Amino acid sequence: MNAEHVIAAKFGGSSLADAEHFRRVKEIVESDPARRYVVPSAPGKRFESDDKVTDLLYEYYARLNRGGSGVSIQKKIRARYQEIIDELGLSVSLEKEFARIEYAFSKGAGEAYAASRGEYLCGLLLADYLGYEFVDAAEVVRFRQDGQFEDERTNFFLRGRLSRAGHAVVPGFYGADDSGEIHTFTRGGSDVTGALVARAVRAGLYENWTDVSGFLLADPAIIEHPRKIEAMTFAELRELSYRGAAVLHEDAVYPARREGIPIHIRNTNHPKENGTMICRTLDPEQEIPITGIAGRKHFAAISIAKNRMNAQIGFCHKLLEAFDENHITFEHMPSGIDTISVILPLEEYHQKKDAVTASLQRLLSPDKISVDEDMALVTVVGKGMRSESGIAARFFGALGGAGVNIKMIDMGSNEINCTIGVSNGDFETAIRALYDALVD
Ligand code: ASP
């Protein structure tokens, strides 16, 4: 089959929370024969106060580890799966699976193993229900013994294994090292597995099915009914997700982006809705001036002043060394002729304040170091930042009109984003003002 016609479809936990959702998933999968590779998360919440199975599994492990009894929590987890098995008439036996899990615990299986069973069991049920082959991620998603993910080897194993499976379910979130020990990605990591599967089968599309109809242009907690983003580029997604508008695990973007596989975010509960398409480039008619507005509070700006800084060769090198030796990553580095600021998360600054100040003093002998501990970052992303005249005037006019004082401005070198620093107290006001002025 032509790779163009292969779709890798990942379904999130809320899309697999109960039998009713399994039915929806089956309907979606069967409505397009190209959906040959399916990656499930563990069952998520069925209602607001419900538990995610993964959280229950972490708790199960913690209780056993404390020497307590895991009976009641195991019962709860089993009940979640049993209900789905019974309602859908599946043939998977939980008896056998839970006996294996208990045996593995008795042999010292770790927390990652416990957490991974959510996806593992969900994958078994879904494979049975869809009539697809079950491919255990422990066989094909490779980690080193220190927990480091092995990208190339994973691609090699996954590609080889899936080329022999016409239709397969590969559980998300985990893999194993060569000794067989299970490791997981960070939370939400089934998105990553989905992207790896898409890459391995050279899919023409990676569908990420969730419980929202895509990315919103701004945070709905701040803007009432913000518009949805219909389409954006990978680069725009990076600028947005990075600032807290995440719908998709960050690490899921790289494999798809490198291979140029578009990611389509879709809603399992409203499969007819368009969702958000993320691809390398957009057609001119898909481009809109402003793709999204995002932000985050609680940053610190460390400003370093030194006379004739601009004439000193290696100044920036030493500055970066000060951050490097304290293992600090930073967000922005706006500069003037004799000053330069480094913006980093406030919490990180508090943890490493003394060490980094000492490094800066030693390496740079600055005239002055000052720190602003009250900074929120707001980013506006979109092609219009580069190509449309008048946007900047509207941008700054809106903030001025709303009485927001701008402490820092940084326009990314790719010119698809403009980031400003404001007081934490002005954060919401700034986002509202920008949305009203720039989005029609
Ligand atoms: N089940 C895992 C979690 O809750 C992974 C995932 O859902 O993607 O984080």
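Residues numbered from 1 in each chain as written. Predicted model: local features only at pLDDT ≥ 70, side-chain atom pairs only at ≥ 80, totals over all residues. Heavy atoms only, no water.

**Student:** Explanation requested: the site of the ligand in the structure shown.
**Tutor:** All residues in the neighbourhood of the ligand are listed as S41, T54, E119, F173, R187, G188, G189 and S190. In this structure, a nitrogen atom belonging to the ligand sits 2.6 Å away from a side-chain N or O atom of E119. The contact in question runs from an oxygen atom of the ligand to an N or O atom on the backbone of S190, over 2.9 Å. Protein burial of the ligand: of its 260 Å² of free accessible surface, 91% is covered by the chains. Grouping the constituent residues of the shell around the ligand by class yields 1 nonpolar, 5 polar and 2 charged. (Near = heavy atom within 4 Å. Polar contact = N/O pair within 3.5 Å; in protein donor to acceptor, adjacent residues only side chain to side chain. Areas by Shrake-Rupley, 256 points an atom, 1.4 Å probe, with all protein chains shown as cover. Nonpolar A, V, L, I, M, F, W, Y, C, P; charged D, E, K, R; others polar.)

**Student:** Could you clarify how one ought to interpret the environment of T276 in this entry?
**Tutor:** By the secondary structure assignment, T276 is in strand β10 (residues 276-279). In this structure the C-alpha to C-alpha distance between T276 and G172, which are 104 residues apart in sequence, comes to 22 Å. Among all residues touching T276, those that are not within four sequence positions of it are S213, G214, F215, K228, I229, E230, M232, I263, H264 and I265. Reaching out from T276, the side chain makes a polar contact with the backbone oxygen of I229 at a distance of 2.6 Å. (Helix = DSSP H or I, 4+ residues; strand = E, 2+ residues; numbered from the N terminus. Contact = heavy atoms within 4.5 Å.)

**Student:** What's the story with the packing of helix α7 (residues 151-163) against helix α8 (residues 190-200) in this structure? I'm lost.
**Tutor:** For any two helices packed against each other, the geometry comes down to the angle between their axes and how far apart the axes lie. The geometry of α7 relative to α8 is characterised by a closest axis approach of 9 Å and an angle of 60° between their N-to-C directions. Where α7 crosses over α8, the handedness of that crossing is right-handed. Across the interface between the two elements, D151, T154, N155, L158, R159 and L162 of α7 pack against L196, V197, R199 and A200 of α8. Residues belonging to the contact of α7 with α8 are distributed by class as follows: 5 nonpolar, 2 polar and 3 charged. (Axes fitted to C-alpha atoms, helices over the stretch in contact; angles between N-to-C directions. Left-handed = near helix turned anticlockwise from the far one by under 90°.)

**Student:** I keep staring at the packing of helix α1 (residues 19-30) against helix α5 (residues 111-130) and nothing clicks. Help me out?
**Tutor:** One can describe the packing of α1 onto α5 by two numbers: an axis separation of 11 Å at closest approach and a directional angle of 55°. Here α1 is positioned oblique relative to α5, judged by the angle of their axes. Viewed along their axes, α1 and α5 form a crossing whose handedness is right-handed. Counting all contacts with α1, which are made through F22, R23, V25, K26 and V29, the residues of α5 involved are C122, L125, L126, Y129 and L130. Along the lines of polarity and charge, the residues of the contact of α1 with α5 split into 8 nonpolar, no polar and 2 charged. (Parallel < 35°, antiparallel > 145°, perpendicular 65-115°, else oblique.)

**Student:** What exactly am I supposed to notice about the packing of aromatic side chains here?
**Tutor:** Centre-to-centre distance and the angle between the planes together describe a pair of aromatic rings. Per the stated rule, a full pass over the model turns up 12 aromatic pairs. Ring geometry for F11 and W209: centres 5.8 Å apart, planes at 15°, overall stacked. A residue pair is termed long-range when its members are at least 10 positions apart, and F11 in strand β1 (residues 7-11) and W209 in strand β7 (residues 205-210) qualify at 198 residues. In this structure, F11 and W209 share a single accessibility class: buried. Note on Y60 and F105: the rings are 5.3 Å apart at their centroids and 80° apart in plane angle, and the pair reads as edge-to-face. With Y60 in helix α2 (residues 53-65) and F105 in helix α4 (residues 94-106), this residue pair connects regions lying 45 residues apart in the sequence. For the pair formed by Y60 and F105, the shared burial category is buried. An aromatic cluster is defined as three or more aromatic residues linked by ring pairs; in this entry it consists of Y60, Y61, F105 and Y113. A cation sits over an aromatic face here: R117 above Y174, 5.4 Å from the ring centre. (Phe/Tyr/Trp six-rings, centres within 6.5 Å; stacked < 30°, edge-to-face > 60°. Buried < 20%, exposed > 50% of the residue type's maximum accessible area, 1.4 Å probe, protein only. Lys NZ or Arg CZ within 6 Å of the ring centre and 35° of its normal.)

**Student:** I would appreciate a short explanation of the pattern of salt bridges in the present structure.
**Tutor:** Side chains carrying opposite charge are able to pair once their charged atoms draw close together. Summed over all chains, the structure comprises 29 salt bridges. Across the pair R258 and D151 runs a salt bridge whose closest N-O atoms are separated by 3.6 Å. Residue R258 is located in helix α10 (residues 253-259), and its partner D151 is located in helix α7; the two are separated by 107 residues in the primary sequence. In this structure, E207 engages R266 in a salt bridge whose closest nitrogen and oxygen atoms are separated by 3.7 Å. Here R266 lies in strand β9 (residues 263-267) and E207 lies in strand β7, a separation of 59 residues in the sequence. Both residues of the pair, E207 and R266, count as buried. One connected set of salt bridges, linked through shared partners, spans R46, D50, R80 and E83. (Salt bridge = Lys/Arg side-chain N within 4 Å of Asp/Glu carboxyl O.)

**Student:** Whenever I open this one, unusual backbone geometry confuses me. Can you help?
**Tutor:** Comment: phi is negative for the bulk of residues other than glycine, and the bulk of peptide bonds are trans. Of note, the phi angle at R202 is positive, near 50°, even though the residue is not glycine. Along the chain, R202 falls in the loop between α8 and β7. Positioned with a positive phi, H225 is a non-glycine residue whose angle comes to about 45°. Within the fold, H225 resides in the loop between β7 and β8 (231-233).

**Student:** Looking at this model, I keep getting lost on the sheet that holds strand β13 (residues 368-381). Mind explaining?
**Tutor:** Sheet strands associate in pairs through backbone hydrogen bonding, adopting either a parallel or an antiparallel arrangement. Taken in spatial order, the 5 strands make up an open sheet running β12-β11-β13-β15-β14, and their pairing is antiparallel. The sheet is open, and its two borders are formed by β12 (339-345) and β14 (408-411), each paired with just one other strand. Pairs of neighbouring strands in the sheet enclose a mean axial angle of 30°, with direction left out of account. In this structure, strand β11 (residues 292-305) lies alongside β13, joined through 11 bridges in antiparallel fashion. (Pairing = 2+ DSSP bridges.)

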